[in-house]
Amino acid sequence: MEEVPGIGLKSSEMYSLIGLLEDRPKARYDFSAGPTVSKFLLGLKEGKILGKKCPRCGRIFVPPRSYCEWCHVATSEWVEVPQTGIIHTAVVSYISAKRQRLEKPEVVGIVRLDVPGYRDKEYEFAGLFHRICIDPKLVVTGEAIGMRVKVRWKPKEERKASILDIECFEPVR
Amino acid sequence: MRPNIFVKDRVAIVGAGITKFMRRSLETPRELAWEAASQALESAGLTLKDIDCVVTGSAPDTFDGVHFKGEYIADGSGGISKPITRVYVGGGTGVFIPDAGFWHVASGLCKKVLVLGEEKMSPAHPHPQYVFKYIWDPILERPLEPNLIWIFAMEMRRYMAKCGAQKEDIALVSVKNKRNALDHPSALIPANITVEDVLNSELLVWPVNLLDISPVTDGAVALVMTSEDVARRLTDTPVWVDGIGFTLENQHWYNRELSFPRYLNYAARMAYKMAGIERPWKEIDVAEPYDPFDYKELHHIEGLMLARPCEAWKLVKEGYFNRDGELPTSPSGGLLGVGNPIAAAGVMKVAELYWQLRYEAGKRQVKKAVHKAVANAWGDLMQAGTVIVLSN
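A brief structural summary. (Residues numbered from 1 in each chain as written. Chains lettered and ligands numbered in written order. Predicted model: local features only at pLDDT ≥ 70, side-chain atom pairs only at ≥ 80, totals over all residues.)

Counting residues at the interface gives 47 residues for chain A, matched by 44 residues for chain B. Secondary-structure elements contributing two or more residues to the side of chain A that touches chain B are helix 1 (11-14), strand 4 (84-95), strand 5 (101-113), strand 6 (127-131) and helix 3 (136-141) of chain A. Tallying contributions element by element places strand 4 of chain A first for the side of chain A that touches chain B, with eight residues. The residue makeup of the side of chain A that touches chain B, split by class, is 28 nonpolar, 12 polar and seven charged. (Contact = placed C-beta atoms within 7 Å. Helix = DSSP H or I, 4+ residues; strand = E, 2+ residues; numbered from the N terminus. Nonpolar A, V, L, I, M, F, W, Y, C, P; charged D, E, K, R; others polar.)

Right under this line is the structure:
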């Protein structure tokens with residue numbers, strides 16, 4: 001098996017192909033958040049982080065779910081959870097969603113929230129994925145990992161019941 | 001989880017075919033599928049008339065830009081007027097296709113199955129990256145305008161923090177795989193590079209640089225899988241499928257520890273149990289762990305229990321996973337070197353093990369004697385684990 005089939009093109013050749021057709025789908029979507037996440041988003045508007053508890057195993061899910069995926073029963077009780085936690089992991093992005101260079105790098109990561117009922121090194125935890133307002137250097141040195149952070153809210157009048165009502169997570173001082 | 005290990009027919013792989021892996025191919029997706037399928041049939045000494053069932057796989061339709069991709073590539077895959085199935089678990093599809101081929105044969109439903117993975121990522125431009133936007137949760141994740149590389153960078157950063165690995169340790173995987181790919185006739189980006197080249201390549205999302213990642217690729221790979229009686233008639237050296245495994249995690253990737261791939265570990269345990277392997281780190285001779293990113297190979301080596309958690313990066317430094325090492329991994333060159341046409345890449349890994357176990361890999365043949373091999377693929381938001389265990 002020395003010769004394999006296939007004709008590779010250069011990028012210039014790609015756009016002068018015979019029969020080339022350019023198409024851009026014009027689909028629009030309106031997504032519903034569902035009853036449980038809708039209430040969570042309304043909580044963000046009020047400056048609260050809400051979790052939901054499974055009546056059988058007692059796990060508190062943040063973000064909340066309508067059902068417990070392990071026990072497969074409906075979650076019941078709403079719980080307001082602390083707005084503090086530690087950084088599980090964080091990275092510095094130099095590119096946008098469309099893979100263009102960003103002028104100012106952005107730090108994003110996962111925050112493990114201080115929600116009761118989870119053991120210290122448990123595989124699962126309650127947490128959020130969001131921007132983190134810290135110096136990118138701390139990510140590179142590793143000081144960011146395990147750092148204590150809290151929610152920085154947007155001003156109340158700017159909140160729209162969206163995940164972006166949280167501006168970012170910032171270090172606890 | 002109690003997989004039934006008493007299968008009706010033992011399953012063998014008896015042929016493989018592959019196209020060149022290209023950044024942009026002139027061939028259409030169905031032509032790529034036909035090239036790989038016809039080559040696989042020829043290598044097995046069969047024609048399409050002999051095939052009972054066809055299993056195909058391809059990743060999101062948005063890459064090729066054609067919906068019903070299973071149906072679209074069906075004729076090229078040889079599936080017309082035959083029972084044909086398309087399976088799909090994101091990047092995990094690659095190994096899931098032969099997994100599905102296995103249960104077609106093992107159940108006794110089909111005797112001779114053509115399995116095929118195809119992917120043409122190049123039509124989406126300026127960059128297929130943006131297509132990945134649609135894998136994120138529309139309410140809680142998409143407003144943050146995530147880039148796909150973020151999630152890998154987060155996982156890599158967590159692995160580094162938990163295991164004490166540095167970027168230069170992890171870059172060694174990229175160096176090894178791109179070097180291995182120099183001997184692969186399909187390879188897209190084989191190269192002799194150094195750790196410095198990786199560290200100095202374009203920084204995308206710290207800690208991920210350009211050379212830490214596999215490229216956008218077009219290509220197709222096919223295998224022929226048959227029952228034992230058919231395989232014995234066709235060849236003296238069939239490669240047996242000893243075990244398969246596949247499991248799925250939930251989509252809440254930011255609600256779990258990222259340093260160890262549990263999604264893969266469960267699938268691996270299922271496959272090893274079926275194969276009767278109790279100590280994979282001793283019993284497996286050669287492996288093709290899924291390596292779309294360099295740290296991902298280490299992650300998967302640990303998930304496959306070929307090294308202890310957090311120890312794979314130390315073993316890479318010792319040359320343990322080199323082609324002449326104790327446990328060669330990605331002797332093909334992997335996704336980092338040969339290329340990553342998503343669904344086809346996993347099948348390429350299984351095809352490589354097929355050639356290795358038949359001692360037909362030519363310059364890529366590993367130095368040691370080989371008896372048992374394992375490949376895996378992973379897909380979606382740190383979710384799907386698919387595993388296959390082979391022997392000769």
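Residues and elements named next belong to chain A. Strand order in the open sheet formed by three strands is 2-1-3, with antiparallel pairing between adjacent strands. The sheet is open, and its two borders are formed by strand 2 (60-61) and strand 3 (77-80), each paired with just one other strand. Sheet topology places strand 1 (residues 50-53) next to strand 2; two bridges connect them, and they run antiparallel. The residue of strand 2 that forms the bridge with K52 is F61. (Pairing = 2+ DSSP bridges.)

So, on to helix 4 (residues 93-106) of chain B. The terminal C-alpha atoms of helix 4 of chain B lie 19 Å apart, and with 14 residues this matches the ideal 20 Å at 1.5 Å per residue to within 8%. The element helix 4 of chain B is extensively covered by neighbouring structure, given that 13 of its 14 residues are classed as buried. (Expected span 1.5 Å × (residues − 1). Buried ≥ 20, exposed ≤ 12 C-beta atoms within 10 Å, placed from the backbone.)

This part takes up helix 9 (residues 262-275) of chain B. All names here are of chain B. For helix 9, built from 14 residues, the straight-helix expectation of 20 Å at 1.5 Å per residue is met to within 8% by its first-to-last C-alpha distance of 20 Å. The element helix 9 is extensively covered by neighbouring structure, given that 10 of its 14 residues are classed as buried. Each element contacted by the buried residues of helix 9 is listed here: strand 8 (239-248), helix 10 (280-283), helix 11 (294-303), strand 10 (372-379) and strand 11 (384-391). At the C-terminal side of helix 9, G276 shows a positive phi close to 70 degrees.

Another aspect to go through is the nonpolar core. Core analysis: the biggest nonpolar cluster contains 174 residues, and L114, V205, L223 and A271 of chain B have the highest contact counts within it. Tallying contributions element by element places helix 14 (residues 342-357) of chain B first for this core, with 11 residues. Excluding anything up to four places from it in sequence, V205 of chain B contacts V91, V92, S93, Y94 and I95 of chain A together with N147, I149, W150 and A153 of chain B. (Core = buried A, V, L, I, M, F, W, Y, C linked by C-beta atoms within 7 Å.)

A word on unusual backbone geometry. Cis peptide bonds are those with omega within 30 degrees of zero, and the linkage from V62 of chain A to P63 of chain A qualifies with -5 degrees. Inspection of the secondary structure puts P63 of chain A in the loop between strand 2 and strand 3. A cis amide bond links W206 of chain B with the next residue in sequence, P207 of chain B, at an omega value of 10 degrees. Residue S81 of chain B is not a glycine yet carries a positive backbone phi of 60 degrees. The residue S81 of chain B is located in the loop between helix 3 (69-72) and strand 3 (84-87) in this model. Looking at S81 of chain B, the number of C-beta atoms within 10 Å reads 6, which means it is exposed.

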